[in-house]
Amino acid sequence: MPEIKVTPLGAGQDVGRSCILVSIGGKNIMLDCGMHMGYNDDRRFPDFSYITQNGRLTEFLDCVIISHFHLDHCGALPYMSEMVGYDGPIYMTHPTKAICPILLEDFRKITVDKKGETNFFTSQMIKDCMKKVVPLNLHQTVQVDDELEIKAYYAGHVLGAAMVQIKVGSESVVYTGDYNMTPDRHLGAAWIDKCRPDILISESTYATTIRDSKRCRERDFLKKVHETVERGGKVLIPVFALGRAQELCILLETFWERMNLKAPIYFSTGLTEKANHYYKLFITWTNQKIRKTFVQRNMFEFKHIKAFDRSYADNPGPMVVFATPGMLHAGQSLQIFKKWAGNEKNMVIMPGYCVQGTVGHKLLSGQKKLEMEGRTTLEVKLQVEYMSFSAHADAKGIMQLIRMAEPRNVMLVHGEAKKMEFLKDKIEQEFTGISCFMPANGETTTIPTNPSVPVDISLNLLKREAAFGGPLPDPKKPRTMHGTLIMKDSSLRLVSPEQALKELDLNEHQLRFTCRVQLQDPYSDTDTLSRVYNHLKSVLKGYTVQHLPDGTVMVESIVLKVSSSAEDPNTKVVLLSWSYQDEDLGSFLSSLLRKGLPP
Amino acid sequence: SSYKYKFRLEKVPAKKLRLTKPSKSAALHVDLCKASSPTDALQYLLQFARKPVEADSVEGVVRILLEHYYKETDSSVRLKIASLLGLLSKTQGFTPDCIVDDVINTLNSERSHQVLAQLLDTLLVIGTQVPESLNMRHRLIDVACKHLTDTYFGVRNKCLQLFGCLGSVDKPLPRESEGGGTGMAAKDVQSIISDYFGDQDPRVRTAAIKAMLQLHERGMKLQQIIYNQACKLLSDDYEQVRSAAVQMVWVLSQLYPESIVPIPSSNEKIRLVDDSFGKICHMVSDGSWVVRVQAAKLLGSMQQVSPHFLEQTLDKKLMSDLRRKRTAHERAKELYSSGEFSSGRKWADDAPKEKVDTTAVNLIDSGACGAFVHGLEDEMYEVRIAAVEALCALAQSSPSFAEKCLDFLVDMFNDEIEEVRLQSIHVLRQISTHITLREDQLDTVLAVLEDSSRDIREALHELLCYTNVSTKECIQLALLELLKNLTKYPTDRNSVWKCLKFLGSRHPTLVLPIVPELLSTHPYFDTPEPDMDDPAYIAVLVLVFNAAKSCPTMTALFSDHTFRHYAYLRDSLSHLVPPLRLPGRKLTSAPEASGLASSVESAQNFLKESLTRVCSVQQLDAPGAQSLLEFTIRDLQRLGELQTELAGTADFCATYLHCQLLLMKALQDKLWSVAVPLYLKQNAMVSGAAAQVLEETYKLEFLYSGLESRQIASIHHVRLQAKALQLVLLARTRRGVEPLLSACEKFLHEVDAFQRLFVTELPHFQDSFVDKLLDIMPRLAGSKPADLVKILQTTLRHSCFPQLKLPEQIRRATAAIIEPTGESDNPLRFTSGLVVALDVDATLEHVQDPQTTVKVQVLYPDGQSHVIQPKPADFRKPGPGRHRLITQVYLSHSAWTEPCQIDVKLLLAYSSSTSRSLGPRSAWNESTEGPTPLESTIEGTIPLSKPVKVFIMPKPARR
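So, how was this worked out
- Residues numbered from 1 in each chain as written.
- Chains lettered and ligands numbered in written order.
- Predicted model: local features only at pLDDT ≥ 70, side-chain atom pairs only at ≥ 80, totals over all residues.
- Heavy atoms only, no water.
- Helix = DSSP H or I, 4+ residues; strand = E, 2+ residues; numbered from the N terminus.
- Buried < 20%, exposed > 50% of the residue type's maximum accessible area, 1.4 Å probe, protein only.
- Contact = heavy atoms within 4.5 Å.
- Areas by Shrake-Rupley, 256 points an atom, 1.4 Å probe, with all protein chains shown as cover.
- Rg over C-alpha atoms; globule rule 2.2 N^0.38 Å.
- Lys, Arg positive; Asp, Glu negative; His and termini not counted.
- Charge placed at Lys NZ, Arg CZ, Asp CG, Glu CD.
- Core = buried A, V, L, I, M, F, W, Y, C linked by side-chain atoms within 4.5 Å.
- Pairing = 2+ DSSP bridges.
- Axes fitted to C-alpha atoms, helices over the stretch in contact; angles between N-to-C directions.
- UniProt positions renumbered as here; feature names shortened; annotations may be inferred.
- Salt bridge = Lys/Arg side-chain N within 4 Å of Asp/Glu carboxyl O.
- Patch = residues over 30% accessible without salt bridge, like charges linked within 9 Å, V, L, I, M, F, W, Y side chains within 5 Å.
- Expected span 1.5 Å × (residues − 1).
- Bend = angle between axes of the 7 residues up to and from the residue.
- Polar contact = N/O pair within 3.5 Å; in protein donor to acceptor, adjacent residues only side chain to side chain.
- Phe/Tyr/Trp six-rings, centres within 6.5 Å; stacked < 30°, edge-to-face > 60°.
- Lys NZ or Arg CZ within 6 Å of the ring centre and 35° of its normal.
- Parallel < 35°, antiparallel > 145°, perpendicular 65-115°, else oblique.
- Left-handed = near helix turned anticlockwise from the far one by under 90°.
- Nonpolar A, V, L, I, M, F, W, Y, C, P; charged D, E, K, R; others polar.

A.B. asks: When you look at the overall build of chain B in this model, what are you seeing that I'm missing?
C.D. replies: Of the regular secondary structure elements, chain B holds 40 helices and 18 strands. A total of 959 residues make up chain B; the buried ones form 51% of that total. Considering only contacts in chain B between residues 6 or more positions apart, those separated by 24 or more positions represent 74%. When the accessible surface of chain B is totalled, it reaches about 44,800 Å², and 53% of it is carbon and sulfur.

A.B. asks: Can you help me understand the overall build of chain A in this one?
C.D. replies: A tally of helices and strands in chain A yields 16 helices and 30 strands. Computed over its C-alpha atoms, the radius of gyration of chain A comes to 37 Å, more than 25% above the 25 Å expected for a compact globule of 599 residues. The principal-axis extent of the C-alpha atoms belonging to chain A is close to 130 × 55 × 45 Å. Expressed as a percentage of the 599 residues in chain A, the buried residues total 53%. Within chain A, counting contacts between residues at least 6 apart in sequence, those at least 24 apart form 70% of the total. As displayed, chain A offers around 27,100 Å² of accessible surface, 52% of which is attributable to carbon and sulfur atoms. Once the 72 positive and 69 negative side-chain charges of chain A are each reduced to a mean point, those two points are 8 Å apart.

A.B. asks: Help me understand the nonpolar core in this model?
C.D. replies: Nonpolar side chains in soluble globular proteins tend to be buried together. Membership of the largest hydrophobic core comes to 184 residues, with the highest contact counts inside it found for Leu-65, Ile-193, Met-248 and Phe-558 of chain B. Per element, the largest residue contribution to this core is 11 residues, and it comes from helix 28 (residues 535-549) of chain B. Setting aside its immediate chain neighbours within four residues, Phe-558 of chain B contacts Val-515, Leu-519, Val-544, Phe-545, Ala-548, Phe-563 and Leu-580 of chain B. Residues Val-158, Phe-300, Met-399 and Ile-447 of chain A belong to the second largest nonpolar core, which totals 131 residues.

A.B. asks: Where do I start with the sheet that holds strand 29 (residues 558-564) of chain A in this structure?
C.D. replies: Working definition: the strands of a sheet are paired by backbone hydrogen bonds and lie parallel or antiparallel to each other. All names here are of chain A. Read from one edge of the open sheet, five strands run 26-30-29-28-27, paired in antiparallel fashion. Each edge of the open sheet is held by one strand with a lone partner, namely strand 26 (512-520) and strand 27 (545-548). Strand-to-strand twist in this sheet, taken as the mean axis angle between neighbours without regard to direction, amounts to 20°. Here helix 15 (residues 525-539) sits on the sheet in contact with strand 26, strand 27, strand 28 (552-555), strand 29 and strand 30 (571-579), set at roughly 145° to strand 29.

A.B. asks: Looking at this structure, how should I read the UniProt feature "domain: Metallo-beta-lactamase" (unreviewed entry) in chain A?
C.D. replies: Residues annotated in UniProt with the feature "domain: Metallo-beta-lactamase" (unreviewed entry) correspond here to residues 16-233 of chain A. Secondary structure across residues 16-233 of chain A comprises 28% helix and 22% strand; the distance between its end C-alpha atoms is 38 Å.

A.B. asks: Explain the pattern of salt bridges here, please?
C.D. replies: For side chains of opposite charge, pairing can occur when their charged atoms come near one another. All told, the structure shown has 64 salt bridges over all chains when counted by the stated rule. The residue Lys-151 of chain A makes a salt bridge to Asp-193 of chain A at a minimum N-O spacing of 4.0 Å. Within this pair, whereas Lys-151 of chain A is found in strand 8 (residues 148-154), its partner Asp-193 of chain A is found in the loop between strand 10 (171-175) and strand 11 (199-203), the two being separated by 42 residues in sequence. Looking at Asp-193 of chain A, the relative accessible area reads 24%, which means it is partly exposed. Here Arg-884 of chain B makes a salt bridge to Glu-458 of chain B, at a shortest N to O gap of 2.3 Å. A residue pair is termed long-range when its members are at least 10 positions apart, and Arg-884 of chain B in strand 15 (residues 882-891) and Glu-458 of chain B in helix 23 (residues 454-465) qualify at 426 residues. Here the two residues Arg-884 of chain B and Glu-458 of chain B agree in accessibility, since each one is buried. Members of the salt-bridge network, linked through shared partners, are Glu-230 of chain A together with Glu-450, Glu-481, Lys-484 and Lys-488 of chain B.

A.B. asks: Explanation requested: a nonpolar patch on the surface in the structure shown.
C.D. replies: Residues and elements named next belong to chain A. Judged by side-chain polarity, Val-453, Val-455, Leu-485 and Met-487 come together as a nonpolar surface patch covering roughly 400 Å² of accessible area. Relative to the assigned elements, Val-455 resides in the loop between strand 22 (445-448) and strand 23 (456-457). Residue classification places Val-455 among the partly exposed positions, given a relative accessible area of 35%.

A.B. asks: Looking at this model, I keep getting lost on the sheet that holds strand 11 (residues 836-845) of chain B. Mind explaining?
C.D. replies: All names here are of chain B. The four strands lie next to each other as 9-11-15-14, forming an open sheet whose pairing is antiparallel. Edge positions in the sheet fall to strand 9 (814-819) and strand 14 (875-879), since each has one partner strand and no second. Averaged over all adjacent pairs, the angle separating strand axes in this sheet is 30°, with direction ignored. In this structure, strand 11 lies alongside strand 15, joined through 10 bridges in antiparallel fashion. When the bridges of strand 15 are listed, Asp-841 appears paired with Ile-886.

A.B. asks: Which parts of the structure should I look at to understand helix 20 (residues 399-412) of chain B?
C.D. replies: For an α-helix the count is 3.6 residues per turn, leaving residues at separations of three or four pointing the same way. Residues and elements named next belong to chain B. Between its terminal C-alpha atoms helix 20 stretches 20 Å, which fits the 20 Å expected from 14 residues at 1.5 Å a residue. At Cys-405, helix 20 shows its maximal bend, which comes to roughly 40°. The element helix 20 is extensively covered by neighbouring structure, given that 10 of its 14 residues are classed as buried. Every buried residue of helix 20 is listed here: Phe-401, Ala-402, Cys-405, Leu-406, Asp-407, Phe-408, Leu-409, Val-410, Asp-411 and Met-412.

A.B. asks: I would appreciate a short explanation of unusual backbone geometry in the present structure.
C.D. replies: Peptide bonds are, in most cases, trans, and in most cases residues other than glycine have a negative phi. Residues and elements named next belong to chain A. The phi dihedral of Asp-32 falls on the positive side, at around 65°, and the residue is not glycine. Relative to the helices and strands, Asp-32 is located in the loop between strand 3 (27-31) and strand 4 (63-65). We classify Asp-32 as buried; its relative accessible area is 0%. Positive phi, normally seen in glycine, also occurs at Asn-119, with a value near 55°. Residue placement: Asn-119 occurs in the loop between helix 3 (94-114) and helix 4 (123-131).

A.B. asks: Help me out: how do you make sense of the pairing of strand 16 (residues 347-350) of chain A in this one?
C.D. replies: Put simply, side chains in a regular strand alternate between the two faces of the sheet. All names here are of chain A. Of the two faces of strand 16, both are covered, the one formed by Met-347 and Ile-349 as well as the one formed by Val-348 and Met-350. Pairing geometry for strand 12 (residues 234-238) and strand 16, over two bridges, is parallel. By the bridge assignment for strand 16, Leu-236 is matched with Val-348. Across four bridges, strand 16 lies against strand 19 (residues 383-386) in parallel orientation. By the bridge assignment, Val-348 is partnered in strand 19 with Val-384.

A.B. asks: Help me understand helix 7 (residues 113-129) of chain B, please; the structure alone is not making it clear to me.
C.D. replies: Residues and elements named next belong to chain B. Helix length check: helix 7 (17 residues) gives 24 Å between terminal C-alpha atoms against 24 Å at 1.5 Å per residue, within 8%. When you tally the buried positions in helix 7, you get 12 out of 17 residues, the bulk of the element. On its buried side, helix 7 packs onto helix 4 (58-71), helix 5 (75-89), helix 6 (97-109), helix 8 (134-147) and helix 9 (153-166). One side-chain oxygen at the N-terminal end of helix 7 lies 3.4 Å from the backbone nitrogen of Gln-114; it belongs to Ser-112.

A.B. asks: Before we go on, may I ask you to explain the packing of aromatic side chains in this structure?
C.D. replies: How two aromatic rings sit relative to each other is given by the distance of their centres and the angle of their planes. Evaluation of the coordinates by the stated rule reveals 28 aromatic pairs over all chains. Taken together, the aromatic side chains of Phe-45, Phe-48, Tyr-79, Phe-107, Phe-120 and Phe-121 of chain A make up a single cluster linked through ring pairs. Here the basic side chain of Arg-203 of chain B rests over the ring of Phe-153 of chain B, its NZ or CZ set 3.5 Å away from the ring centre. Residue placement shows Arg-457 of chain B over the ring face of Tyr-489 of chain B; its charged tip is 3.6 Å from the ring centre.

A.B. asks: Is there a simple way to explain the packing of helix 34 (residues 709-733) of chain B against helix 38 (residues 785-797) of chain B in this structure?
C.D. replies: Relative placement of two packed helices is described by the angle separating their axes and the distance separating the axes. Residues and elements named next belong to chain B. The geometry of helix 34 relative to helix 38 is characterised by a closest axis approach of 9 Å and an angle of 130° between their N-to-C directions. Considering their axes alone, helix 34 and helix 38 lie oblique with respect to each other. In terms of crossing hand, the pair formed by helix 34 and helix 38 is left-handed. On the side of helix 34, the interface is formed by Gln-721, Ala-724, Leu-725, Leu-727, Val-728 and Ala-731, while helix 38 contributes Leu-788, Val-789, Leu-792, Gln-793 and Leu-796. Partitioning the contact of helix 34 with helix 38 into residue classes produces nine nonpolar, two polar and no charged.

What follows is the structure in structure tokens.
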């Protein structure tokens, strides 16, 4: 029985270091190769020794596919390809290919230069790794080798995020990566066609959440910013550099434009400027509005948003500043926060969750006095707001995607076990016939498949068969046909028997069945024969029944002869002989004659 | 396919055709015989297809084509011939039933599937050309039955199309058609078509559904049995099938809304319309946006759906970590009802509450749940717009739903696409009669007032005009935001004032408690008098005065200067400030609101009476006729000023009578018999009158809307009289015969044209000028110019003028330029030779098709004048009958020494060829008329607005 095997090395019942191994039709594919943000030791990267204890991975993997540029999906890539060793193709979309090295380099800098770790991948390794990347276009079917093909679908989430369909023959797997089913200010919604994969591997970050409409959140956000700016206050928005930041920028930029506002917006730079450049380039990956208006103006060429300089923080008057990092634990955002915290006119908006222990987390839990390093305390007078903008599909979105793709099995990864369980139950309950899996890391799930085996049929045979039945093949009703299946050099062909004989250079052997039927019939042989003839003639209408002069009766190709038994002249022996093609008719005749002749 | 015909009608004059006719078919025959290869033949056929064919030579051509068809072995040539047959049978004046047999015959021997499909298409064309022949329809249906089982999808498609277009609407196919052979014909059309809902080719499935829809359009009642099949097709793999299936389900839901269908996998049953509503709702989250748009659109028209299902469409149960969460909308409502209106700015105030029962959560919504929530959040703005419109349609028929969808519409004000924002504002306005805005909702609505797009702001003002609010805080909030709007965008002045006018008159009781605050009065202290020219202060006063109109106690709160300001504003902005019953003052007009309806009625009666009185003036030189006319005109003009409802009608009558008066005066002159040279002065007077009458008739015809054919005939009649008068004058002043001759001819043409245009109206013109002329028309046509002139002269003098019959309502096109105001003392400086853009903002009322007719004229002091055609996109339509022109006019001039004023005004362009009496013409109909129209086209302009002066100063360029 053919089967597909899926083993998560990371992201199994967990968020972080996504890395999933798939074996399908004799091919091995690695989906994503990410790092875990929660660890600083070996657990940071997936355990590649699962694949092979020593030596390079190249011979065990046919390809690696990266869904998007977030580090928990691509962070371990240079480690895997350069340090463990992999020389095969790495597939990712163009924007991912462009932005991924920036993030990897940033990650390397923080780990090596700031934390002083050794035995980490180098800049050169990132470069070498990126040389192995083969870019993908949306909806483009890429042939990895003769049998393995992959195809990317739009996934929303971040610029360049893709879902991939992996196909070998008629078996297929869809891996979603991270995706978003509701469009946002700069990206569209994920979309897939009814590709009916054998298994859909879906992220499930928000497995137990159904979100409110995006608009309310956007409006709230804008209103808060607007009110503060009107009061003359300053707004600090700590962000991670890529993804959400661009969405918020577009949101504020268009709002400023719409409302004719004048207060300056700053973006504390860093890697953002480079990334913004790529956002400008990959317009085709953005949403409808940006795609349609970029001819007049590229939305990522911000009119109101300018680069931030350290000195601006002390400028009087209202302003909005985007600053990294997002959890206010260090760097520019913390510096600005310290300056502004004392004024109740100001505001800080936290656009995401914060890890415990960070200033952001303390703020959100309502602390009014913060202890800073050097035993100083900081009194927080400014307003603290929380705004959740997340680009993962919620429970409904996941269900919607399953409905769109119509998979036969679903596997949940990239989420917490407890939440997955709920969703798993729901999926099995609400979709009939779909089974759902949620393996832990290192646990292999095997899914039996039922691949259809393509067979070439000779046109002559097909035409001959079509001539028998109705004019149109009815897709709902299977039909039997006679033919010879030739399996030769891994190709399957269905041809007519004659052709098969000819091709295989074999002689045709006739196979005949003979059988004797004893009849009690007190007539002469010839009379009995004619009685048999008449009887058959009356029963078999529509068949050619012939009485031949040599004392035989022919029904189609079946020969009947009558002779008297030696012991009893009244017992006649009818000899039937038929070829195996006429088996049906022959056995019918023998059973008919066994019943005797009518008087 | 229609290319050929257009070509003929546009390019080839009819005469030429007639010349080439005899050789047509022969030439084709020769060409086809000459063709050495299929490619050649194809070339000839293609060339042939570019040329038109006369109706009476079609049959010959068809014969030749068919003859060639039988001989031809190449299927592409046969295909082309088959398509030509279809084209030819569409020729006007040719009845294609004579070629049906031939085409059916060719069908039987044809082997190529593509050609078969094309031949069936030809049959379809023929069938639709002769829809009344029942016999032929049966035959064609038979043919279709026979080929339905073809293996090529195109053939099956065409057969289904034939069924859809020609299938018998009234009854199942009659038995006798069974002779056609297949036995299938005995089944009725619908079941035959529905067999193909399960075809293996998606294109055929689509064609089958479309055929069914076609039957429905032709009036056949679809059977309910296909409902289940249609529902199954909703989950087809192909989007075009799903799209057609959605339509089909919708059609069935409209046909059998009340029948009961079972819910699968349960014992319950529901109404069909509810079931289909649920299914179409489901399609709003389809994978293809085309289907989503279609589904969203159709939802709007399903008004019979039960309220329970309707309200589900806005339902979305939120959940966070398996805990029930309230939506922002619910939270806002709760905060509001708990009396504490905060913006919900606390951290974790949206924290999830109770734990959700995991078994009760249904993630895939059965049916209608959240359909609009999805639709409004869709990625494609087309879907969002469709969803907004559907919401509007449903909300208009269900007040409780309107209440519910309010939050969602308000959310849409924040959409990223302006069109969607605008549409949702419009929609909210349309349903605003059903709803009262809560304070937090109003707050969100008002936030949009800062939008930089003028369209959005004005739409919002319009919305506020119709909005009901619940508390005095709301009024305060609205006023505050509107004033903010006013300071940010001073050009919105008028719109803001108007908005406050309605806001005040709608909510007098809510305004009352805040009046002291608004007017900043104090019980003990005198407050400084506010600046009367401050637009913000005027805005507040407009609000207060309009509220005071139905709240008499309010005036007691006014301070002295408020009364003074009232008097001033009542005078200067009378359209915004209503008359108030002030203590110690008499009202100017005693019967106010109460007598309004009756006063309109009496005014109408008065109008009618005056007109009948005027009609008694049968003879032009009757004594006192002139003065009667003069009085009536004066009365009517005054009436128009007093009664705005009748202004258009009264104005129209006055102008019409004025024309009569002028004619009368011109003709009554006793001086007509006197020798010409002595009375040059009188001549000048008469010709001036004639010219003025002419001009007035154009105004009458093009400036007023709501005219019927009869009034237009009257106008044309007056014009004819004026032209006759001009002709007489011409004869008296000029000696030359030549110009007179042509003028006479032209005049006779016009009389003729009048007769042609107004045949149906002629009975109303008995004894009139034109009636008399037409009586003696044959004689006129032959007579010499001098005689003609004499006849005209007497007829003019001795005919009575026809009675003016009034239609229901006549509206006069008016325009007012709001911007520039003409008050600025600062000249607009610019370098001569270069251009400067002048912003023009004007309102147009009752102008039909302003995009083509309204122009801007700029008149420079040196007499130069420019007419500028604004872009079509500069016209907006804020309401019925109203237009708004916001455009930029480019000025340029050579240098002046002093700043000088230029005049800017709006013109209404007209051209007599677009006269309404001729009816709408299609583009190519015009060119088919061989000779030029008899009535030569007269184009001109009518001033539409008062001129506005703009100070400009072109400075010489610095070298």
